[in-house]
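# Survey of secondary and tertiary structure
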Amino acid sequence: MPKRKVAALEKVEADLVSLQYKIRRDPRSYAQEFYDQWLAYDAQRQIFVSSPATASSEDVKKFHDLVDLVAHVANLYPEITAPFPDHLKELLNQHHAVLDKELREKIVGSLVLLKRKDVIDSTSLLTTLFPILINTPSKTLRSLLYTKIISDLREANNKTTNHKLNRTIQTVLHNLVTSDRTSTKGMWACRITRELWRRQVWNDARPVDVMKEACLSDNEKVVVGGVRFFLGGDKEREEALEDDASDDDLDLKKVKHQGTINKKTKKRSKQYEKAIEKIKKQEKKKHAPHPLNFSALHLIHDPQGFAEKLFQKHLQNTKNKFSLENKLLVLQLVTRLVGLHKLTIISLYSWFVKYLSPKQANVTSFLASLAQATHNLVPPDVIEPLIVKIANEFVSEASAVEVCAAGINSIREVAMRQPLCMNETLLQDLVMYQKSKDKGVVMAAKGLQSLYREVYPELLQKKFRGKQATMGLRSGEIKLRRFGEEEEGGIEGLELLARYKEEQKKKKAAEEAEEDENGGKKAKKDDDEEDDGFNSDEWEIGSTDSESSGGWIDVSSDEEDDGPAKKKARKSKGGDDDDDDEAPDLVEKEDPAAEAERITKLATTTILTPADLAKLQELRREAKLDKMLGTTQSKRKKELIEKHIEDGVTAEDIELPAMLGKKSTKEERVALARDGKPGREEHKSTQAIRKSKKEAEGKSTTNKEKARKKNFLMTIGKARAKNKRSLVETKKALTNHIAKSKQGGRRRNGV
């Protein structure tokens, strides 16, 4: 076979790769060779700077290889390669639009490599790449630069937070958004900030300020990017954390098992060591303190001013030409801010009036936003016209059942946050819809009735209040909170601990009283026995007349007179228990004011010990269990009013009763049955599924399965030997087999 001719370029490439390897091994010996290549690089660079578009493919290839060589060994010759980073930055900034694709990617990669070798810092790299990312028309270059910027920022904040670099980049992004509010360049600021927030590289208030300015931009795309960050950024971060946790899962037993059954090599031993190190890191992460990840909505500075500007600029402004979908996104953000921070924007509620109609597109989203914007500090006079409007437009016998159910459910969601917005007449009309023939309408009406049983049962007629609400009104446990009244804060479940301690004190006092009473009786009995046994001389001798009569002698003693008097005094002190049957109920049902005073006293005058905290946790669990099982009256007032404050209300929540009441089709039932089950391309037996599962997990097969797959020629000798055995040999083999099976097989596992 003739020897293949090697092209000149292939020889040069091979020479440069080998030279790079030799320079790394011994930089001082190959300093002259490197200097020659540096001169060649400088000559090629000048050609590209003068006319980069007219360079031939051979020149591009040669310059590509020279840049690669210098970038890999630049840290070994810092004096010679000092201007090298500036050369690359100049070439990339001035000619990135006309440079060859591969050469352009090589220059970007070389700059990143120089940063990793600490030739340049992250600030210099990012300030070079970021302007090109914004201005370049090339989609591939934008994608490359975006990836490099994100990865560099992650590496810079890997071990410790690099505050200086973060502040520099955040300032650049903030200026990018605020400098030209009509430009689409702010989209890159949104993308970078959102990605770094999702990966928890940035988690403070500064990136939130960048996205806040993006929401106030004049460009629709930038506004939508900023709004989506506030509505879904925290959820994305939680999903990313869950994905990282699932990716880190490693089966150490599987790796160890493979090491025992396979041939032992250095590669497998290294894999096993890496697996152990990874598991140690996982354990360290599990025991590490949980970081305080505040929601972006909580980190907004001046939420009142931000919500007002957002509402006035994008919703109230009639000149705004946003699409309905994007307007709904802005509305969701405004209402989330109002509900979460309990803001007051009175003009927002009057703005809703024109959209509360069944014919309005996406009306359930408007209803959900209205519910989000309601809280206990909104004046009821502002909400009541909207409730009446929803009832008139949606809830009637002529309306479709889906519309009626959505209307009642939206009224319930609003009333959950501000119960005072409802009047008695309207509530009675809405509750009567539980007699409807449609299941969805009935569920929505009963939900409204259950809500007002908890928060304001006085508005309901007596027959609709229910037993628990009626008893709560009589005892004073259920009390209507007036407008603007806030519930007193404190330790959750402290009233349970106070009640438990009070019961323990009563129980202990009762036991002590019983012991004192039993002790008094026992002492009296002992005194009587002592008097009979040892003080017989003190008895007075009666006359013969009394003796002859055979009767008892009446002896008066002070002790006998005092005993019943003490018992009577004890009874009078405890109260007339026998006369008043309602006394136990009065003792059990304590006045709410006295209970609040007792809780306040416990919180302000007592230091809770570890035992008290443990008991408090136990009482909380018991209370939750009783609530779930329905064994006690559930005090859901606070939970119902504060529902959806963090997660927000969606259109699905408004449509839920109608969806539950509607009968599902066969296709929906089949899809629901298949949901969560592994998809099968073809029908397989259970044994085949188990087998494929074992193979996917890397587990070995059984001896029987191995014997079936064995080559016939390998098993023919054993088969012939079995056929030639006599009856005595067969019996002996079976006996040995039974004996081994009883002992647990060849390894004696049964012993």
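Here we summarise the structure given alongside this text. (Residues numbered from 1 in each chain as written. Predicted model: local features only at pLDDT ≥ 70, side-chain atom pairs only at ≥ 80, totals over all residues. Heavy atoms only, no water.)

## Regarding the overall build of the protein
Summing up its helical and strand segments, the protein has 36 helices and zero strands in all. Burial status across the protein gives 32% buried among its 751 residues. Here the contacts in the protein between residues at least 6 apart in sequence split such that 71% fall between residues at least 24 apart. When the accessible surface of the protein is split by element, carbon and sulfur atoms take 51% of a total near 49900 Å². (Helix = DSSP H or I, 4+ residues; strand = E, 2+ residues; numbered from the N terminus. Buried < 20%, exposed > 50% of the residue type's maximum accessible area, 1.4 Å probe, protein only. Contact = heavy atoms within 4.5 Å. Areas by Shrake-Rupley, 256 points an atom, 1.4 Å probe, with all protein chains shown as cover.)

## Some details on the nonpolar core
Counting 139 residues, the largest nonpolar core has Phe 230 and Tyr 452 as its most contacted members. In terms of residue count, helix H15 (residues 324–341) provides more of this core than any other element does, nine residues in total. (Core = buried A, V, L, I, M, F, W, Y, C linked by side-chain atoms within 4.5 Å.)

## Quick notes on a negative patch on the surface
Side chains of Glu 511, Glu 512, Glu 514, Glu 515, Asp 516 and Glu 517 sit close together on the surface and give a patch of like negative charge. Take Glu 515: it is sitting in helix H24 (residues 494–534). Of the residues examined, Glu 515 reaches a relative accessible area of 55% and is grouped as exposed. (Patch = residues over 30% accessible without salt bridge, like charges linked within 9 Å, V, L, I, M, F, W, Y side chains within 5 Å. Salt bridge = Lys/Arg side-chain N within 4 Å of Asp/Glu carboxyl O. Lys, Arg positive; Asp, Glu negative; His and termini not counted. Charge placed at Lys NZ, Arg CZ, Asp CG, Glu CD.)

## Comments concerning empty space enclosed by the protein
Under the defined criterion, the tally for this structure stands at three cavities of 30 Å³ or more. In this structure, the second largest cavity occupies an estimated 50 Å³ of space. Leu 126, Phe 130, Ile 149, Ile 169, Val 172, Leu 173 and Ile 192 together form the lining of the second largest cavity. Broken down by secondary-structure element, the contributors of at least two residues to the lining of the second largest cavity are helix H6 (122–135) and helix H8 (163–179). When residues in the lining of the second largest cavity are grouped by element, the largest group, three residues, is from H8. For the lining of the second largest cavity, the residue count by class is seven nonpolar, no polar and no charged. (1 Å grid on protein atoms, 1.4 Å probe; cavity = no way out; pocket = protein on both sides within 12 Å on 5 of 7 lines; lining within 4 Å. Points joined across faces, edges and corners; volume = space filled by probe spheres on them. Nonpolar A, V, L, I, M, F, W, Y, C, P; charged D, E, K, R; others polar.)

## Let's talk about the side chain of Glu 195
Within the secondary structure layout, Glu 195 lies in helix H9 (residues 186–198). Among residues more than four places away in sequence, those in contact with Glu 195 are Tyr 146 and Ile 150.

## Some remarks on the packing of aromatic side chains
By convention here, two paired aromatic rings are described through the distance between centres and the angle between planes. Tallying each qualifying case throughout the model produces 15 aromatic pairs. Plain terms: the ring middles of Trp 197 and Phe 229 are 5.5 Å apart, the flat faces sit at 75 degrees to each other, and that makes the pair edge-to-face. Of this pair, Trp 197 sits in helix H9 while Phe 229 sits in helix H11 (residues 220–247), placing them 32 residues apart in sequence. Assessed through its relative accessible area of 1%, Trp 197 is described here as buried. (Phe/Tyr/Trp six-rings, centres within 6.5 Å; stacked < 30°, edge-to-face > 60°.)

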